[in-house]
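What the coordinates show
Residue-level listing of the chains:
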Amino acid sequence: MSVTPGIAKDFLREVEAADRIYIGTHLNPDGDAIGSALAVALFLDALGRPNEVLCNDLPPYNLRFLPSVDRVRLAPEGPASLAILVDLDSSSRLGKIRPFVETCPRMIVIDHHVPHEAPGDLRIVDTASPATAAILYDLFKASLAEITPDIATCLLAGIITDTGSFRFSNTTPHSLTISADLLARGGNIVRIGEEVFQKKQLPAVRLLGRCIAKMKLALGDRLAWSALSHRDFEESGATEEHTEGLANELLSVDTVQVAALIREPLPGKVRASLRSRGDFDVASVARQFGGGGHKNAAGCTFDTSLEEAERALVSALESCLASS
Ligand code: 5GP
Ligand code: MN
């Protein structure tokens, strides 16, 4: 267990001293980001602490079933004296909510990424944890909070998405044990499975078709990438949120060890998602371009054209992969 009773006590002290609390998470939020943020909101409700959930983006389609998901806002309605930031490794990933968060005199960070910077008056960071939601489970337990069915669904959604449904190497005996407890407490695993993994909007399927059709390979088919133009997005009726999972589709080719999806969802806004199998560390490549992430899943943003981003990124991946 990564959370000691002492840390839980410090956490509760901060929460009890605050009149209003912002809960913030990273832009382009995933299941761990939104699940963790909503779980904290429900936990604070039970303690009678007024709170607001803030994110640069509204939750994507496949997370809109989560309990209390309508509470996620792009901007706050009132001031707060404490910010609790979940699943966040770098303040820059707050996006447009950063100025609101920075008005708070106190800040708590709860995260499982390798940190970029170390903001926060209290930091509950465990890089060995598979998901921020798993750290929250330990924190709520250590705080003697009741884990309601809604909190259980939010936490389970975070653990299931970040472990790829218990398939990734971050799946630990502890994550399975706590997931069993979350299921026993009413976490709706069937709904999570259906909404997160079994449903896609039509633009996402159209974009997937283009991603596969445009796939390129190098280094004896060990490297795969696809570059999607703004036109691909327009013609598919797709937006950034429909890129979820595309890089993993490229990685699913049996010879491929490293995959990259480079795209321009809005004119001039170029982003890349990197995925790898085994030991190849894509976060180190993402960092070369000012991004970051985990060993097997990372991302970065470019301020160049799509073609230049593709050239620069593929060349960096090729040199790393050729020497590995
Ligand atoms: P995705 O490709 O799904 O957008 O991101 C994969 C992982 O890489 C995320 O879990 C996130 O931690 C990280 N990541 C993606 N983009 C960035 C970025 O621009 N900066 C940093 N620091 N991490 C990123
Ligand atoms: Mn996470």
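Every value quoted in this text rests on a predicted model; they were computed, and no experiment measured them.

**Looking at the pairing of strand E12 (residues 297–302)**
Looking along a regular strand, one sees the side chains alternate between the two faces of the sheet. Across six bridges, strand E10 (residues 269–276) lies against E12 in antiparallel orientation. Paired with Ser 273 across the strands is Gly 299, a residue of E12. Here two bridges tie strand E11 (residues 292–293) to E12, and the two strands are oriented antiparallel to one another. From the neighbouring strand, Gly 293 faces E12, where its bridge partner is Ala 298. Hairpin connection of E11 to E12: three residues between the antiparallel strands.

**A word on unusual backbone geometry**
The backbone of Ser 68 sits at a positive phi, close to 70°, despite the residue not being glycine. Relative to the helices and strands, Ser 68 is located in the loop between strand E2 (51–54) and strand E3 (72–73). Positive phi is not limited to glycine here, since Phe 166 has a value of about 65°. Counting through the fold element by element, Phe 166 comes out in the loop between helix H5 (149–162) and helix H6 (173–184). The class of Phe 166 is partly exposed, set by a relative accessible area of 27%.

**Notes on the environment of Ile 135**
Among the structural elements, Ile 135 can be located in helix H4 (residues 132–142). On the basis of relative accessible area, Ile 135 is assigned to the buried category, the value being 1%. Separated by 183 residues in the primary sequence, Ile 135 and Glu 318 have C-alpha atoms spaced 36 Å apart. Here Ile 135 is in contact with Ser 2, Val 3, Ile 110, Asp 111, His 112, Ile 124, Asp 126 and Ser 129, once residues within four sequence places are set aside.

**Describing the domain arrangement of the protein**
The domain architecture assigned to the protein consists of domain 1 (5–197) and domain 2 (202–322). For domain 1 versus domain 2, the distance between C-alpha centres works out to 27 Å. When the two sides are added together, the surface that domain 1 and domain 2 hide from each other amounts to roughly 640 Å², 42% of it contributed by carbon and sulfur. If you sort the residues of domain 1 by the area they bury against domain 2, Asn 28, His 113 and His 116 come out on top, with a joint share of 46%. Where domain 1 meets domain 2, there are one salt bridge. Among the salt bridges present, the one from Glu 241 reaches Arg 64, with a minimum N-O distance of 3.4 Å. Tallied by class, the residues present in the side of domain 1 that touches domain 2 amount to two nonpolar, five polar and one charged.

**Observations concerning the coordination of the manganese ion (ligand 2)**
Metal coordination angles have textbook ideals: 109.5 degrees for a tetrahedral set of four donors and 90 or 180 degrees for an octahedral set of six. The coordination sphere of the manganese ion (ligand 2), as far as protein atoms go, consists of Asp 32 (OD), Asp 87 (OD), His 112 (NE2) and Asp 162 (OD), spread over 2.2 to 2.4 Å. If you list the donors of the manganese ion (ligand 2) from N- to C-terminus, the spacing comes out as D-x54-D-x24-H-x49-D. Of the two residues, Asp 32 is situated in helix H2 (residues 31–46) and Asp 162 in helix H5; the sequence distance between them amounts to 130 residues. With respect to burial, Asp 32 and Asp 162 carry one shared label: buried.

**Observations concerning the nonpolar core**
Grouped together as the largest cluster of nonpolar side chains are 52 residues, with contacts concentrated most on Phe 11, Ile 84, Ile 110, Phe 140 and Leu 155. Excluding anything up to four places from it in sequence, Ile 84 contacts Phe 11, Val 15, Ile 21, Tyr 22, Ile 23, Gly 24, Val 40, Leu 44, Ile 108 and Ile 110. Within the second largest apolar cluster, 25 residues are counted, among which are Trp 225, Leu 274, Ala 286 and Ala 316.

**Some remarks on the sheet that holds strand E9 (residues 258–266)**
Across the sheet, six strands lie side by side as E7-E8-E9-E10-E12-E11; this open sheet has mixed pairing. Looking at which strands have only one partner, the edges of the open sheet turn out to be strand E7 (216–218) and E11. The strands touched by helix H8 (residues 202–213) within the sheet are strand E8 (223–228) and E9, with E8 carrying the most contacts at an inclination of about 125°. Of the strands in this sheet, E7, E8, E9, E10 and E12 touch helix H12 (residues 306–322), which is tilted by about 165° from E9.

**Quick notes on the environment of Leu 27**
Relative to the helices and strands, Leu 27 is located in the loop between strand E1 (21–25) and H2. Of the residues examined, Leu 27 reaches a relative accessible area of 18% and is grouped as buried. Linking Leu 27 and Phe 302, residues 275 residues apart in sequence, is a C-alpha distance of 16 Å. Ignoring any residue separated from it by four or fewer positions in sequence, one finds Leu 27 in contact with Asn 56, Asp 57, Ser 92, Arg 93 and Gly 95.

**Some words on the pattern of salt bridges**
Taken as a whole and assessed by the stated rule, the structure comprises 21 salt bridges. With a closest N to O distance of 2.6 Å, Asp 45 and Arg 71 form a salt bridge. Highlighted residues: Asp 45 in helix H2 and Arg 71 in the loop between E2 and E3, separated in sequence by 26 residues. Taking the relative accessible area as the measure of exposure, Asp 45 reaches 36% and is therefore partly exposed. For Arg 71, a relative accessible area of 23% corresponds to the partly exposed category. Notably, a salt bridge pairs Arg 263 with Glu 240, separated by 2.5 Å at the nearest N-O pair. Of this pair, Arg 263 sits in strand E9 while Glu 240 is found in the loop between helix H9 (230–236) and helix H10 (246–251), placing the two residues 23 residues apart along the sequence. You'll find Arg 263 and Glu 240 in the same group, each marked buried. Residues joined in a network through salt bridges with shared partners are Arg 210, Lys 214, Arg 231, Asp 232 and Glu 235.

Criteria and thresholds
- Residues numbered from 1 in each chain as written.
- Chains lettered and ligands numbered in written order.
- Predicted model: local features only at pLDDT ≥ 70, side-chain atom pairs only at ≥ 80, totals over all residues.
- Heavy atoms only, no water.
- Pairing = 2+ DSSP bridges.
- Helix = DSSP H or I, 4+ residues; strand = E, 2+ residues; numbered from the N terminus.
- Buried < 20%, exposed > 50% of the residue type's maximum accessible area, 1.4 Å probe, protein only.
- Contact = heavy atoms within 4.5 Å.
- Domains from an automatic or database assignment.
- Buried area = accessible area lost by both parts, 1.4 Å probe.
- Salt bridge = Lys/Arg side-chain N within 4 Å of Asp/Glu carboxyl O.
- Nonpolar A, V, L, I, M, F, W, Y, C, P; charged D, E, K, R; others polar.
- Donors = N, O, S within 2.8 Å, 3.2 Å for Na, K, Ca; no water.
- Core = buried A, V, L, I, M, F, W, Y, C linked by side-chain atoms within 4.5 Å.
- Axes fitted to C-alpha atoms, helices over the stretch in contact; angles between N-to-C directions.

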